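These are the residues of each chain, in order.
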2 protein chains.
Amino acid sequence: MNVDKANQRAIKRMMATRPVLKTVAVAGDVVPGLDAKRIVHAGPPIEWSRMSGPLRGAVIGALIYEGLADSREAAIHLIEQGEIAFSPCHHHHAVGPMAGVTSASMQVYVVEDEEGRGKAFSTLNEGYGKVLRYGAFAPEVLDKLRWMNEEMAPLLAVALEECGGIDLRTLLAEALHMGDEGHNRNKAGSLLFTKHLAPAIQKTAEDRELAAAVIEFLGDNALSVLNPVMAACKVMADAGHGVKGSTVVSTMARNGTDFGIRVSGLDDQWFTAPAPVPDGLYFPSFSSADANPDIGDSTITETVGIGAFAMAAAPAIVSFVGGEPEEARNATLEMYEITVGEHEHFTIPSLGFRGTPVGIDLRSVVELGVTPRVNTGIAHREPGIGQVGAGLVRPPMSLFEEALEAFAERYLSPGEAGR
Amino acid sequence: MNVDKANQRAIKRMMATRPVLKTVAVAGDVVPGLDAKRIVHAGPPIEWSRMSGPLRGAVIGALIYEGLADSREAAIHLIEQGEIAFSPCHHHHAVGPMAGVTSASMQVYVVEDEEGRGKAFSTLNEGYGKVLRYGAFAPEVLDKLRWMNEEMAPLLAVALEECGGIDLRTLLAEALHMGDEGHNRNKAGSLLFTKHLAPAIQKTAEDRELAAAVIEFLGDNALSVLNPVMAACKVMADAGHGVKGSTVVSTMARNGTDFGIRVSGLDDQWFTAPAPVPDGLYFPSFSSADANPDIGDSTITETVGIGAFAMAAAPAIVSFVGGEPEEARNATLEMYEITVGEHEHFTIPSLGFRGTPVGIDLRSVVELGVTPRVNTGIAHREPGIGQVGAGLVRPPMSLFEEALEAFAERYLSPGEAGR
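Residues numbered from 1 in each chain as written. Chains lettered and ligands numbered in written order. Predicted model: local features only at pLDDT ≥ 70, side-chain atom pairs only at ≥ 80, totals over all residues.

K.L.:
Which residues make up the overall build of chain A, and what are the values?
P.N.:
Across its full length, chain A holds 14 helices and 15 strands. At 20 Å, chain A has a C-alpha radius of gyration in line with the 22 Å of a compact globule built from 419 residues. With respect to the three principal axes, the spread of C-alpha positions in chain A is 65 × 50 × 45 Å. Per-residue burial over chain A gives 61% buried out of 419 residues. By sequence separation, contacts in chain A at least 24 residues apart represent 74% of the contacts at least 6 residues apart. (Helix = DSSP H or I, 4+ residues; strand = E, 2+ residues; numbered from the N terminus. Rg over C-alpha atoms; globule rule 2.2 N^0.38 Å. Buried ≥ 20, exposed ≤ 12 C-beta atoms within 10 Å, placed from the backbone. Contact = placed C-beta atoms within 7 Å.)

Okay, structure coming up:
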């Protein structure tokens, strides 16, 4: 068995994928297996009793949003009665930033590979402040969610049809030349996104005031493209999954309690370990004592070679996540050591247009003792509060060691174990 | 006399200026001294007989556009009869990219300092391809100009009123963190510009199809913000002009024949020398044999510390102007040697958020033998053709030597001449 060849096949598949944002639709209508009594969430599988504060907060918010409960207490009661099923977004072709909570009546972006090799879903980005994805569920949080899902989403669906969809691989490639890394910094990408949509909204929207409000909301939210980008990355990562004999990591995701990974050649097995607390910059009046352990599916960006892996393209990000611009450059350089290739479409101007490091190789992580880098937001550890900062984190090494052992057991005869 | 102090005063004034794009208006109504029989152009003063091909082409186009002539021949005849007066944009508080030709009925952006220290004007950017500013004047060039001036401009004026103007210093600062240098690369700035205008257009435009076309035109033209940015730079540069005893260069401009500079402490005296041909990348089927000598007022960007001076912020630009990303970084580092300060508002993430080099000091240029760097477009040397490439250029050293001599004569007693 040739692991190197299998790994090349995995990243070639990832890179050949061309995800296009096609439309916006009701989750319950399009996300496989998402019925009215199910909540999907970020990260690996987890039961209610082990969920962290922000994930609980978002689940409570979703149940109130769905009309299944009218208070925090009622929501918890419903869950404790076993009325609500939980599963990872990743089990439903979906991804969600932070808590990642998605319920049946929420609207989702629908991203499809142009060649028909897969599709993925993600909710609409709520912007900053008190938002469901960070575990807030106050009435104004749910009001905003209602506005987004009931007013904005149908208008976006029509606009996307008008403009024929948005090629997200091209958008990301361009954004990386404009100081984005595609995970925590999506300023340029969100402007490109708005640029594509604005004329189409202008042409098709019935309600002028609403149309103006939507264009303003998309343009002023420097994360508005994050969710479709994550769905695009999910399509790419899934294309690289399931290659026999490949040690390429095809999922990294956190639920706020556990950090989980999956490996291309190891089917749908999760390897999990406690999620660490990110190291970062805190908003005024907050500190690391308020921080929840790492949470969110947004590590799908690093999984396909952007995010912290493309940080050299985004030196300005250090004002948000901490550190010096030189460290942003070094982050990318370090990631070349644990990846199996350089991206054909995503390049970094300041590194002489070198392709971003793509395809985390389990073997290199363990051999070199270098874990993947991740840029991330930081949620308050209590439900109902929200974002408290942003920073950097790495998954625990034990994940990769455990996965490598499983790989050896599965593929190698005793004599061949190891590299 | 303390030259250093005077120079600090000059750049402090430049940096304290806060140019805001206020509206769009008919040039003849707002640009001082621009009457129906006058054409203003880029660069230092020049008579018709010495004008280069692209400037002649643009002048011919403007006369046809104004209805003063109905053909190339008729336009030339009118000029040779002495019916048309010419003067530099710079003499009328205006600036224009490339040929910079502005005539009375064209619409101009009106940029004003928030503190009332001055205003400046520039035409609307035409986008790419065959355009007047590169000396093209075919019917489709003039049709587009008509659409821009008659359809788009009034709509922009209303939208700018609706959104309360656009703070261009803030926009530029943000764009420099998104891979722009503000002269040849204005991708991010143009998206930010479109983002500000789109909701306001959506709210105010009567004609939906036109509104959509305008938003699309602004968003797809990566130079749409260049002209307002140039007017903003003109406001800044003018604020730094007229400081007694200052050796700071307050104008750099080219008319396609001559490169001209003016100096803060030397009133309105121009120093000129033959403009060099830029060194750059050519579009398919063109070469340096087709290139006109350097042309345009867009060097106003370098004059106030952006453009080639901020090139380290824009490594991706080398795919357009030639060279390696490392050279983009070195360009900025070199410019620190000939400038008197670092910009308080314009910073470069990859250099640890260091301020851009600002305020070219005549003395340093001559002493070190280092002339300012300029990023530029390249026009075909014949009238009527258009852009053939983009590249890099430096003004001739003789300009700075001559200006320094004039400075010495004016300010220094014989014993003090030199530094």
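K.L.:
Residue-level account of the relation of the copies chain B and chain A, with values.
P.N.:
For the pair of chain copies, the relating transformation is a rotation about an axis with a translation along it. Under the fitted operation, chain B is carried onto chain A by 0.0 Å of movement along the axis and a turn of 180°, and the coordinates agree to an RMSD of 0.0 Å. Each copy turns onto its partner about a two-fold axis. Rotation axis and chain B: the residue whose C-alpha lies nearest the axis is Met 178 of chain B, separated from it by 2.3 Å. Most of the interface of chain B is mirrored in chain A, where 100% of its interface residues are also at the interface. (Least-squares fit on C-alpha atoms with pLDDT ≥ 70 in both.)

K.L.:
Describe the sheet that holds strand β14 (residues 374–379) of chain A, with residues and values.
P.N.:
All names here are of chain A. The sheet built from three strands is open, its strands ordered β10-β15-β14 with antiparallel pairing. Edge positions in the sheet fall to β10 (279–282) and β14, since each of these pairs with one other strand and no more. Across the sheet, the mean angle separating the axes of adjacent strands is 25° when strand polarity is ignored. Of the strand pairs in this sheet, β14 and strand β15 (residues 387–393) are connected by six bridges, and their pairing is antiparallel. Within the sheet, the bridge partner assigned to Val 374 lies in β15 and is Val 393. (Pairing = 2+ DSSP bridges. Axes fitted to C-alpha atoms, helices over the stretch in contact; angles between N-to-C directions.)

K.L.:
Before we move on, can you summarise the interface of chain B and chain A with the specific residues and values?
P.N.:
Across the contact, 26 residues belong to chain B and 26 residues belong to chain A. At the level of secondary structure, the elements contributing two or more residues to the side of chain B that touches chain A comprise α7 (187–204) and α8 (208–220) of chain B. Partitioned by chemical class, the residues of the side of chain B that touches chain A number 13 nonpolar, seven polar and six charged. (Nonpolar A, V, L, I, M, F, W, Y, C, P; charged D, E, K, R; others polar.)

K.L.:
So, the pairing of strand β14 (residues 374–379) of chain B: which residues are in play, and what are the values?
P.N.:
The buried fraction of β14 of chain B is high, at six of six residues. Where burial is concerned, the two faces of β14 of chain B agree: the one with Val 374, Thr 376 and Ile 378 of chain B and the one with Asn 375, Gly 377 and Ala 379 of chain B are both buried.

K.L.:
Describe the pairing of strand β4 (residues 107–113) of chain A, with residues and values.
P.N.:
Residue and element names in this part refer to chain A. Counting buried positions along β4 yields seven of seven residues, so the element is predominantly enclosed. Covered by surrounding structure in β4 are Gln 107, Tyr 109, Val 111 and Asp 113 together with Val 108, Val 110 and Glu 112, the residues of both alternating faces. Of the strand pairs in this sheet, strand β1 (residues 19–26) and β4 are connected by seven bridges, and their pairing is antiparallel. Pairing of Val 26 across the sheet is with Gln 107, part of β4. In this structure, the hairpin formed by β4 and strand β5 (residues 119–123) is closed by a connection of five residues, where Gly 116 is found at a positive phi of approximately 75°.

K.L.:
Tell me about the confidence of the model for chain A, and please be specific about residues and values.
P.N.:
Confidence along chain A averages 96 in pLDDT terms, with 99% of residues attaining 70 or more. What the predictor reports for the complex is a pTM of 0.95 with an ipTM of 0.93. (pLDDT = per-residue confidence, 0-100.)

K.L.:
Tell me what's going on with unusual backbone geometry, and back it up with residues and numbers.
P.N.:
All names here are of chain A. The backbone phi angle of Met 98 is positive, close to 50°, even though this residue is not glycine. Counting through the fold element by element, Met 98 comes out in the loop between β3 (85–88) and β4. The class for Met 98 is buried, based on 30 C-beta atoms found within 10 Å.

K.L.:
Just give me the short version of the environment of Ala 275 of chain B, but keep the residues and values in it.
P.N.:
Residues and elements named next belong to chain B. As for its placement among the helices and strands, Ala 275 is situated in the loop between β9 (271–274) and β10 (279–282). Residue classification places Ala 275 among the buried positions, given that 25 C-beta atoms sit within 10 Å. Separated by 20 residues in the primary sequence, Ala 275 and Ile 295 have C-alpha atoms spaced 7.7 Å apart. Apart from residues lying up to four places away in sequence, Ala 275 is in contact with Arg 254, Gly 256, Thr 257, Asp 258, Phe 259, Pro 293, Asp 294 and Ile 295.

K.L.:
Please give an account of helix α12 (residues 325–336) of chain B that cites residues and values.
P.N.:
All names here are of chain B. For α12, the complete set of buried residues consists of Pro 325, Ala 328, Ala 331, Thr 332 and Met 335. The arc that holds every buried residue of α12, seen down its axis, measures 110°, which confines them to one face. Residues of α12 that are buried make contact with α11 (318–321), β12 (339–348) and β13 (354–360). (Arc of directions from axis to C-beta.)

K.L.:
Before we move on, can you summarise the environment of Gly 33 of chain A with the specific residues and values?
P.N.:
Locating Gly 33 of chain A in the fold gives a position in the loop between α2 (27–30) and β2 (38–41). In sequence terms Gly 33 of chain A and His 91 of chain A are 58 residues apart; their C-alpha atoms lie 9.1 Å from each other.

K.L.:
Summarise helix α1 (residues 3–16) of chain A; cite the residues concerned and give the values.
P.N.:
Residues and elements named next belong to chain A. Taking 1.5 Å per residue, 14 residues should reach 20 Å; α1 reaches 20 Å between its end C-alpha atoms and fits that length. Every buried residue of α1 is accounted for by Val 3, Asn 7, Ala 10, Ile 11, Arg 13, Met 14 and Met 15. Those residues of α1 that are buried lie in contact with α9 (226–240), β12 (339–348) and β13 (354–360). (Expected span 1.5 Å × (residues − 1).)

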